[in-house]
Amino acid sequence: VNRLGDETSPYLLQHKDNPVAWQPWGPEAFAAARAANKPVLLSIGYAACHWCHVMAHECFENEAIARRMNELFVNIKVDREERPDVDTIYQHALALLGEQGGWPLTMFLTPDGKPFWGGTYFPPEPRFGRPGFVQVLEAIAEVYARDPARVARNVAALEGALARLSTSTRGRDIAPEIATRVAAHLARAVDPVNGGIGPAPKFPQVPALKLMWREALRSDLSEARNSVELTLTRMCQGGIYDHLGGGFARYAVDERWLVPHFEKMLYDNAQMIDILTWAWQETRNPLHAARVRETIGWILREMMAEDGEGAPCGAFASSLDADSEGEEGRFYTWSEGEIDTVLGPDAPAFKRIYDVTPGGNWEGRTILNRIAHPELGPPEHEAHLAACREKLFAARATRVRPGWDDKVLADWNGLAIAALAHAAMAFGEPGWLRAAERAFAFVVAEMTKDGRLRHAWRRGRLAPHPALLDDYANMAAAALALGEATGERTCIEQAAAWVEILDRHYWDGDNGGYHLSADDADDLIVRTKTAYDQATPAGNGTMVEVLVRLYHLSGEAAYRDRAQAVIEAFAGEVHHNALALTTLLGNTVLLREAVQVVIVGDPTEPRTHDLVTAAYGVCQPQRIVQIMTPDMTLPPSHPAHGKGLVDGRPAAYVCHGPTCSLPVQDPEALRTAVRGRATGRQ
C-alpha cells in the first residue's frame, strides 16, 4: 500500500498515487523490510527536480515496473529538502561507490538501512549507456538473495568509510592569510570570459564569491574583485536570470550562463541578494541594484507560503519547478512570433537586445538574455525595455505556471531573512525589513515544538522531522541580522537560546564542531559533521559567525571560545580541501578582525537614523552593529564601555580589538571609518 498520502512534502505527495507501494522514511518501513527479509529501495528527490519527474513518469507510474519494485523491495521515498541529513549520508555512499551523485538518488539498502549499491536516474529500458531499471531491480534482488557475502562486503566497506563522516581533522588554528590565498586561487579558477568557477555546468557558488569579495576588499585582491564582478554581470544578464519575473535559476548547463536548469530555489536567491548587495555597496553598479530589487520583488510576490486557509503565513516557500505542462522551461521561453504579437512595433529593438531570433537559442525557442548586450544603455532606452518586459510578463502570467513547492524550511528561511535584513539596511527599504521580521516571527512561533526548532512546515502542518544544525545556524544568523538592524534585544536573546540548544544536542564533545543531526536523532546510520560548503553555506562555518557576533554583542567570552573551538575542529581540513571551506575561512577572519560599530542615540531621532544608515552604507563584511539607547550600557569588557552621547547628540564609535575611534557624529565620516576597516586602512 502506498503510504505517502498523509505526508506534508509536496514531493512525496506527487508520488502518493503511484502504483509503487511507497513508504515514508521511518522505523515502520525498515521493520517491514526485516520482517519480509527484503532489501530496501531508497529513492530521494525533490519537487523541482526535472529528472526526478522523468524517472517518476517513466518508471514509478508504470504498472509493470511498479509491480516488480513491490515484489522485490520495500520502497522508501524521501524528499531531500525535508531530510537533508538522510540525503547527505546516501549521496556520500554513492560517491564511495565511484558514482557521480545527484537526483533522483536511487540507493539499495539492507533492512537496517546500510547501503550496498546505488545510482541516480535509471531509464525504463537500456539507453544513454545506462541499464534499464527492471534489469537493475532484478540484478540487485538476485545478488541480495543469492550472494549475501558480496552484499556484506559492500556494506562493510561503505560502513567504515561512512563512519568518517562524523569526524573532522583537527588543527591548532587557521591563519587569516589562508583566506587570502584561497580567494586568490579561486579567482584564478574563474572563467576569464564568462565568469563562474570552472567549466559547465555552472553554479552560482555564492559562498566562494563572498570569500573572494571579502578578500578583494580586505587584502586588495584586484583579481578576485574583477572575477566576482565579471561573474555577477554574466549571471545578471544571462539566461540563468529571469528577466521578466526576477530571480535566478539553480544553475546553467552551459559555460555562457545561457541555458538554465529552470527551477528556482529560495536558497540560491537569498544568497544572490546578499552578494549583489555587497557588490552594490562597493561599486554602486545600477545593474546590481536592479537585480536585488527584482529578486526581492519575486520572493515577496511569488514565494510567500500560505497557511491552511490559503492566506499568506509570512514565511517563504522553497522552490518553483523547472517544468510546466510536462516540459522543462516551457513557462519561461518564447518564440519570435510570440514576442512580435505582444510587443508589436516595439519588438525589433527588444529582440536585438534580448537575443530573440527566428530559430531561437535553445531547442527552437528563445531564452531571454543580454549576454551580447550586458552594459546598461541610456535611462530612456532602459525604460523602454522595461515597458516591453512588463508587457511580456503580463502575457506570460496567462500560461500554466510551474509547480510550486510551498513547504517552509527553517534553514532556507534563515538565509532569506538575513538577506532581506541586509538589503533593507543597505538600500533603505523598511518594507523589506518588515517582511524579514514577519518571516522570523513565523518560524519562532509556528516551527518550534517542545522548545526546539523543527525543519519543515506546510499549510498549517509541522513536519515531524527535527531541526538540523543548518536550521539553527541560519535562523540564529537571521536573528542577529535583525537584532543589529533594529536594536531589538529579543532577537539577540533568541539567537543565544538557539546556540544553547546546539551546544546541548549537536556539539561533538570528543573532537569539537557541530553534528548536522541532534544526539536524539535515532533513524540515521551515522551523524555527519562537516564544514564544507555545498549549494548553501556549511552550518559549522555559519556558526563561527553567529558565535563571534554573540560574543561582541553580549560580551560573553564563552562565545568567542566556542567559535575558536569550531575553527580548531576543522583546521586540519584546510590541508585537504581548503577551497570548499569558504564560509569557515571568511568567518575566521571575522573572529580576528571584527569591526564593531556602536551607535548611541534615540532610534526614533533622525540623526541616529542617519548614523545607522551610514554604518550600513558601505560594504563591510566584518561589521557588527550595536544600536544603543542613551540609558543602555555595554559590558565592562567592551572597548566602547562608558561611551555615549556627545553634547546631547547621537554619536558612533568604530572599534577594532581593544580600541575605539573618537566619537563620530557626521554620517559621511562614519562611512569612511567603517569602510576603511574593510580594506585594512584606518
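Residues numbered from 1 in each chain as written. Predicted model: local features only at pLDDT ≥ 70, side-chain atom pairs only at ≥ 80, totals over all residues. Heavy atoms only, no water.

Draft legend 1. Region of interest: the state of the cysteines. As enumerated under the stated definition, the model contains 2 disulfides in all. Here Cys49 engages in a disulfide with Cys52; their sulfurs sit 2.4 Å apart. Because the torsion about its S-S bond is 80 degrees, the bridge between Cys49 and Cys52 counts as right-handed. Put simply, Cys655 and Cys660 are joined by a disulfide, and their sulfur atoms are 2.0 Å apart. Torsion about the S-S bond of the Cys655 and Cys660 cystine: about 100 degrees, corresponding to right-handed handedness. According to the relative accessible area criterion, Cys655 is buried, its value standing at 0%. The connectivity of the disulfide-linked cysteines in the chain, indexed sequentially, is 1-2, 3-4. With no disulfide of its own, Cys59 lies closest to Cys52 among cysteine sulfurs, the gap being 12 Å. (Disulfide = S-S within 2.5 Å. Buried < 20%, exposed > 50% of the residue type's maximum accessible area, 1.4 Å probe, protein only.)

Draft legend 2. Highlighting the packing of aromatic side chains. Going through the model one piece at a time under the given rule, you end up with 24 aromatic pairs. With centroids separated by 6.0 Å and ring planes inclined at 20 degrees, the aromatic side chains of Phe122 and Phe133 adopt a geometry described as stacked. Residue Phe122 is found in the loop between strand 5 (115-119) and helix 6 (133-146), and its partner Phe133 is found in helix 6; the two are separated by 11 residues along the sequence. Residues Phe122 and Phe133 agree in their burial class; the two are buried. Between the aromatic rings of Phe331 and Tyr332, the centroid separation amounts to 5.1 Å while the plane-to-plane angle is 90 degrees, which identifies the pairing as edge-to-face. In this structure Phe331 comes out as buried when scored by relative accessible area, which is 4%. Overall, Tyr332 belongs to the buried group, its relative accessible area being 11%. By the ring-pair criterion, three or more aromatic residues cluster together here, those being Trp22, Phe60, Phe73, Phe108, Trp117, Phe122 and Phe133. Against the face of Trp280 rests Arg284, its NZ or CZ located 4.0 Å from the ring centre. (Phe/Tyr/Trp six-rings, centres within 6.5 Å; stacked < 30°, edge-to-face > 60°. Helix = DSSP H or I, 4+ residues; strand = E, 2+ residues; numbered from the N terminus. Lys NZ or Arg CZ within 6 Å of the ring centre and 35° of its normal.)

Draft legend 3. Highlighting the nonpolar core. The biggest cluster of nonpolar side chains holds 196 residues, and the ones touching the most others in it are Phe133, Met212 and Leu670. The leading source of residues in this core is helix 16 (residues 410-427), at 14 residues. Non-local contacts of Leu670, meaning those with residues more than four positions away in its chain, are made with Val597, Leu611, Ala614, Ala615, Ala652, Val654 and Val664. Core analysis: the second largest hydrophobic core is formed by 22 residues, Trp25, Ile44, Val78 and Ala93 among them. (Core = buried A, V, L, I, M, F, W, Y, C linked by side-chain atoms within 4.5 Å. Contact = heavy atoms within 4.5 Å.)

Draft legend 4. Representation of the pairing of strand 22 (residues 651-656). Strand 22 sits mainly inside the fold: 5 of its 6 residues count as buried. Bridge count for strand 22 against strand 23 (residues 659-660) is 2 bridges, and the pairing is antiparallel. Of the residues in strand 23, the one forming a bridge with His656 is Thr659. Between strand 22 and strand 23, which pair antiparallel and follow one another directly, the connecting turn spans 2 residues, one of which, Gly657, has a positive phi of 60 degrees. (Pairing = 2+ DSSP bridges.)

Draft legend 5. Structural detail: helix 19 (residues 489-505). Here helix 19 is 17 residues long and its end C-alpha atoms lie 25 Å apart, about the 24 Å a rise of 1.5 Å per residue gives. Every buried residue of helix 19 is accounted for by Cys491, Ile492, Gln494, Ala495, Ala496, Trp498, Val499, Ile501, Leu502 and His505. Contact partners of the buried residues in helix 19: helix 17 (430-446), strand 17 (452-453), helix 18 (469-486), helix 20 (539-554) and helix 21 (557-570). (Expected span 1.5 Å × (residues − 1).)

Draft legend 6. The pairing of strand 2 (residues 40-45), seen in detail. The buried fraction of strand 2 is high, at 6 of 6 residues. Residues Val40, Leu42 and Ile44 line one face of strand 2 and the alternating positions Leu41, Ser43 and Gly45 line the opposite face, and both faces are buried. Judged from the 6 bridges that link them, strand 2 and strand 3 (residues 74-79) form a sheet pairing that is parallel. Its bridge partner lying in strand 3, Val40 is registered against Val74. Direction of pairing for strand 2 relative to strand 4 (residues 105-109): antiparallel, over a ladder of 5 bridges. Bridging across to strand 4, Ser43 finds its partner in Thr106.

Draft legend 7. Structural context of the sheet that holds strand 3. The mixed open sheet is built from 5 strands, whose spatial order is 1-3-2-4-5. Two strands bound the open sheet, and with one partner strand each, they are strand 1 (23-24) and strand 5. Across 2 bridges, the pairing between strand 1 and strand 3 is parallel. Among the inter-strand pairings, Gln23 is bridged to a residue of strand 3, identified as Ile76. Here helix 5 (residues 84-96) sits on the sheet in contact with strand 2, strand 3, strand 4 and strand 5, set at roughly 85 degrees to strand 4. (Axes fitted to C-alpha atoms, helices over the stretch in contact; angles between N-to-C directions.)

Draft legend 8. Expanded view of the sheet that holds strand 23. Reading across the sheet, the 4 strands line up as 21-20-22-23 and stay open at both edges, with mixed pairing between neighbours. Strands with a single pairing partner mark the edges of an open sheet, and in this sheet they are strand 21 (623-628) and strand 23. Bridging between strand 20 (residues 595-600) and strand 21 involves 6 bridges; their strand directions are parallel. Paired with Gln596 across the two strands is Ile624, which belongs to strand 21. Strand contacts of helix 24 (residues 606-615): strand 20, strand 21 and strand 22, with the helix running at about 170 degrees to strand 20, the strand carrying the most contacts.

Draft legend 9. Expanded view of the packing of helix 18 against helix 19. Between helix 18 and helix 19, the shortest axis-to-axis distance is 8 Å and the interhelical angle comes to 160 degrees. The angle between helix 18 and helix 19 falls in the class roughly antiparallel. As helix 18 packs across helix 19, the resulting crossing turns out to be left-handed. Only Cys491, Ile492, Ala495, Trp498, Ile501 and Leu502 of helix 19 make contact with helix 18, whose side of the interface consists of Leu469, Tyr472, Ala473, Met475, Ala476, Ala479, Leu480, Leu482 and Gly483. Here the contact of helix 18 with helix 19 is composed, by residue class, of 14 nonpolar, 1 polar and no charged. (Parallel < 35°, antiparallel > 145°, perpendicular 65-115°, else oblique. Left-handed = near helix turned anticlockwise from the far one by under 90°. Nonpolar A, V, L, I, M, F, W, Y, C, P; charged D, E, K, R; others polar.)

Draft legend 10. Seen up close, the environment of Ala387. Position of Ala387 relative to the elements: it lies in helix 15 (residues 379-396). Accessibility expressed as a relative area gives 34% for Ala387, which makes it partly exposed. Measuring from C-alpha to C-alpha, the distance between Ala387 and Leu343 comes to 9.7 Å, with 44 residues separating the pair along the chain.

Draft legend 11. Molecular detail of the environment of Arg68. Positionally, Arg68 belongs in helix 4 (residues 63-72). With 70 residues separating them along the chain, Arg68 and Glu138 place their C-alpha atoms 8.2 Å apart. Apart from residues no more than four positions distant in its own chain, Arg68 is found in contact with Leu137 and Glu138.

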